Amino acid sequence: MLDELDTVAQRADYTFKHNRNLGRHGWLRLTPAYSVKLVKNLLKGVPDDELILDPFSGTATTGLTAAEHGNRAITFDINPFLIWLGNVKCRNYTEAYLKVVQQTADKALSKVEGSLKREHWQPEIFNIELWWSPHTWKVLWALRDCLVKEFGEPAENQEDGLAWVAFCRLIIETSSAAFNHVSMSFSEGVTHHEVEHVVELYKAILCYILQSCASPFTGHAKVMEVDARNIPDMGMRFDRVITSPPYPNRISYIRELRPYMYWTKFLQEARSAGELDWKAIGGTWGIATSRLNDWKPDVELLSPALFETVQSIAQAESKNGELLATYVFKYFHDMHLHFSTLRGVLANGAELHYIVGNSSFFGNMVDTAELMSASMRRLGYENVKSEIIRKRNCNKALYEYDVTAMWHG
Ligand SMILES: C[S@@+](CC[C@H](N)C(=O)[O-])C[C@H]1O[C@@H](n2cnc3c(N)ncnc32)[C@H](O)[C@@H]1O
């Protein structure tokens, strides 16, 4: 077995890296996103009348890939920014509409210089000076102000999103965040961007975004605000689930998304970031961690393997052992609630693919694929199997798996 694991590759083509130059898929990066190639492989041979579900949408990779493949797809998320972004990505746009966006943006851009003198709002981003120089964020704010006048606030007007996606890309391109690492570090010193440069950069980004919307696709995808632990009956039955839920590794999507979320006003204050992450499975941002201390499970689901895993973490020689044991337990508890409610919306014979990663706490391995499989079996899913698809990094113990199952309701 160990010899076999030695030959497993890291496969950057199965990660977000593969999506960077793939039109809409490359607009904004979310490090935990998976690759279009992986989803395409899972869609090979799937008839286009199959209805696809992704209960953990993220940047809507599944939804958009399924729509490009000719299928109908519904995806869920609890993060309002990702729901908005996913829907902007998954819409078909007419040539006439794209022209109007271009003209309206040109009008907004012509006013940026003149609006520089006005009072400016500062997003509540902690240590904002690490991201942008005071001059750059004033220019960005002036540009934002001009876009709001033409397109409305993105969080209020869900229709005209393309100009705002370009703005999100602009704020990251003008920042000093080194986006090559999930923990997000900063390059030394912030760059001072002149207004002409920022406007030209915005124009180039918008041009690339509008170009990537020029070819329509035959399928259809929509992102809905649904908590995957409590799925309502939508009068549809899904034939296939292709998804990548959060992993039990304490990575909060808020961390990477917060610059976008603050600048678009999907997030207005730090406390709501913690509240939002408390709703996210595996979330740990701000109060999402302190609340774990008082958290009580809704269902008793300790399988012997989960019990063992949680016990060993709790007994680790660390003051955080108990807390992280609760974190891991809550993660599998929430995933169990998800698998339970999911049964109500699956078609007979539905096929499931969950791309998940294992993790390690104080040297104790959390075998996500096995623990999830146990939950699925307990809930009546059949043919539950898991297969390693890639090594996550140079750490020999961390892998990504495709956990598959069938549902015969
Ligand atoms: C690993 S990411 C999905 C990445 C996605 N496959 C992509 O390519 O962008 C997991 C997503 O699940 C969402 N999520 C977390 N808890 C959720 C819940 N209770 N209900 C629905 N979505 C949730 C997170 O907001 C995040 O966007």
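Quick notes on the rules
Chains are numbered independently. Their residues run from 1 in the order of the written sequence. In view of the model being predicted, local features appear only for residues whose pLDDT reaches at least 70, and side-chain atom pairs are presented and counted only at 80 or more, with totals across whole chains, interfaces and linings using the full set of residues. Values reported for side chains reflect all heavy atoms of the structure, with hydrogen atoms and water molecules removed beforehand. Any residue with at least one heavy atom within 4 Å of a molecule or strand is counted as near it. Polar contact is defined as a pair of N or O atoms within 3.5 Å, subject to the rule that within protein one atom must be able to donate a hydrogen and the other to accept it, and that residues adjacent in sequence are counted only when both atoms are side-chain atoms. Here, Shrake-Rupley sampling with a 1.4 Å probe gives the accessible areas, and only protein chains in the shown set may cover a residue. For this classification, Asp, Glu, Lys and Arg are treated as charged, while Ala, Val, Leu, Ile, Met, Phe, Trp, Tyr, Cys and Pro are nonpolar and the rest, including Gly, are polar. Our working definition of a disulfide is a cysteine sulfur pair at a distance within 2.5 Å. Buried means the residue's accessible area, taken with a 1.4 Å probe over protein chains only, is under 20% of the maximum for its type, while exposed means over 50%, and partly exposed covers the values in between. These domain limits were set by an automatic method or by a database of domain assignments. The contact criterion used is simple: two residues touch if any of their non-hydrogen atoms lie within 4.5 Å. The term buried area denotes the loss of accessible surface (1.4 Å probe radius) that occurs when two parts are joined, taken as the sum for both partners. When a carboxyl oxygen of Asp or Glu lies within 4 Å of a side-chain nitrogen of Lys or Arg, that pair is called a salt bridge. Each helix is a run of H or I in the DSSP string that is no shorter than four residues. Each strand is a run of E no shorter than two, and both are numbered from the N terminus. Two strands pair under a simple rule: DSSP has to find at least two bridges between them. Axis definition: a line fitted to C-alpha atoms, over the contacting stretch in the case of helices. Angles run 0 to 180 degrees between N-to-C directions.

## Section: the site of the ligand
Line of reasoning, step 1. Taken together, the neighbourhood of the ligand is formed by 23 residues, with Thr59, Thr61, Asp77, Ala228 and Ile281 sitting nearest.
Line of reasoning, step 2. The separation between an oxygen atom of the ligand and a polar main-chain atom of glycine 58 is 3.4 Å.
Line of reasoning, step 3. In isolation the ligand has 600 Å² of accessible area, and contact with the protein removes 99% of it.
Line of reasoning, step 4. Looking at the shell around the ligand residue by residue, the class counts come to 14 nonpolar, 5 polar and 4 charged.

## Observations regarding the state of the cysteines
Line of reasoning, step 1. Inspection of the entire model under this criterion finds 0 disulfides.
Line of reasoning, step 2. Not engaged in a disulfide, the cysteine cysteine 90 finds its nearest cysteine sulfur in cysteine 213; these two sulfurs lie 11 Å apart.
Line of reasoning, step 3. With relative accessibility at 5%, the residue cysteine 90 sits in the buried group.
Line of reasoning, step 4. Between cysteine 168, a cysteine without a disulfide, and cysteine 213, which holds the nearest cysteine sulfur, the sulfur-to-sulfur distance is 14 Å.

## Some details on the domain arrangement of the chain
Line of reasoning, step 1. Each assigned domain of the chain is listed here: domain 1 (2–92 + 218–255 + 263–407) and domain 2 (95–211).
Line of reasoning, step 2. Each of domain 1 and domain 2 has a C-alpha centre, and the two are 30 Å apart.
Line of reasoning, step 3. Contacts between the two partners involve 18 residues from domain 1, matched on the other side by 31 residues from domain 2.
Line of reasoning, step 4. Note on domain 1 versus domain 2: buried area summed over both sides is about 2,300 Å², and carbon and sulfur give 65% of it.
Line of reasoning, step 5. By the criterion of area lost to domain 2, the three top residues of domain 1 are Trp27, Trp84 and Trp263, representing 42% of everything that side buries.
Line of reasoning, step 6. Between the two partners, domain 1 and domain 2, sit 0 salt bridges.
Line of reasoning, step 7. Linking domain 1 with domain 2 are 5 residue pairs in polar contact (both at pLDDT 80 or more).
Line of reasoning, step 8. Residue assignment for the side of domain 1 that touches domain 2 shows that the elements contributing at least two residues are helix H4 (80–90) and helix H11 (253–263).

## Observations concerning the pairing of strand S7 (residues 346–357)
Line of reasoning, step 1. Along S7, 9 of the 12 residues are buried, which leaves the element largely enclosed by surrounding structure.
Line of reasoning, step 2. Here 5 bridges tie strand S6 (residues 238–243) to S7, and the two strands are oriented parallel to one another. In the strand pairing of S7, threonine 243 is matched with tyrosine 354.

## As for the side chain of aspartate 334
Line of reasoning, step 1. The topology assignment puts aspartate 334 in helix H15 (residues 321–342).
Line of reasoning, step 2. Take aspartate 334: its relative accessible area is 2%, and that puts it in the buried class.
Line of reasoning, step 3. With residues near it in sequence (within four places) discarded, aspartate 334 still touches Arg229 and Ile281.

## Remarks on the sheet that holds S6
Line of reasoning, step 1. Within the open sheet, the 7 strands sit side by side as S5-S2-S1-S6-S7-S11-S10. Their pairing is mixed. Looking along the sheet, the strands with just one partner apiece sit at the ends: strand S5 (220–225) and strand S10 (382–391). This sheet shows a mean twist of 15° between the axes of neighbouring strands, independent of strand direction.

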